[in-house]
Amino acid sequence: MMNTSRRAFFKTFLSAGAALVVSGSGNTTKPAEAAVHEQIKGVCLFVPTLGKASDFVELMNTSAPGNWTVHPLEGTLTDRYFIAKSLYEEAKGRANTFVGAVDPGSFAVVQAAIFDSGGTFHYITYEERNRITFSAQL
C-alpha cells in the first residue's frame, strides 16, 4: 500500500516538473547554429600511438574545413594534463572548437584539465575500447 502511494506521488511530482520545463522552454528555443563553412578555428588533440587518431584528425580537416591546429598528447599522464590544460585555456580566447581523439587514460587527464579550467563537454563518444573522441565547449 505504501509503495503505491509513493509511486503515485513521484509520478505526479515528475509529471508536474516535466510540464513546467516544457512550458518554460517554449520561449527560449532557437534554431541550432553550426559553424559557418571555413570559419572554424579549432584545436584538435590526439594521442599519436592510437593508429586511428590520425584518421580522426583527417576527418576533422575534411568534414569541418577551417583553421585547425593539431597537437599530439605525448609524455606522461601528468605531462598530458598540463598540455591539455594549457591548450584549452589558450583556445578559450582564440578558437571556437576544441576536439580530440585519445585513449581512456589520456581522456581522464584531459577531462580533469578541462573541468579544472571551468569547461564542459558537448559530447564524449566511446568509439572503441581504447579510443574516445570528444568535443569541449569553449
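Heads up: these notes are all about the structure in this document. Note that this is a predicted model, so its numbers are computed, not measured.

As for the overall build of the chain
Secondary structure summary: the chain contains 4 helices and 5 strands in total. Mapped in sequence order, the helices and strands of the chain form the string α-β-α-β-α-β-α-β-β. Among the 138 residues that make up the chain, the fraction classed as buried is 33%. Across the chain, the fraction of contacts at a sequence separation of at least 24, relative to all contacts at a separation of at least 6, is 72%.

Details of helix H4 (residues 104–116)
The terminal C-alpha atoms of H4, which comprises 13 residues, lie 18 Å apart, in line with the 18 Å expected from a rise of 1.5 Å per residue. Burial in H4 covers these residues: Ser 106, Phe 107, Val 109, Val 110, Ala 113 and Ile 114. Taken down its axis, H4 places every buried residue within 165 degrees of arc, on the same side. Buried residues belonging to H4 abut strand S1 (40–46), helix H3 (77–94), strand S3 (97–102), strand S4 (121–128) and strand S5 (131–136). Just past H4, the residue Gly 118 takes up positive phi, approximately 85 degrees.

The rules behind the values
- Residues numbered from 1 in each chain as written.
- Predicted model: local features only at pLDDT ≥ 70, side-chain atom pairs only at ≥ 80, totals over all residues.
- Heavy atoms only, no water.
- Helix = DSSP H or I, 4+ residues; strand = E, 2+ residues; numbered from the N terminus.
- Buried < 20%, exposed > 50% of the residue type's maximum accessible area, 1.4 Å probe, protein only.
- Contact = heavy atoms within 4.5 Å.
- Expected span 1.5 Å × (residues − 1).
- Arc of directions from axis to C-beta.

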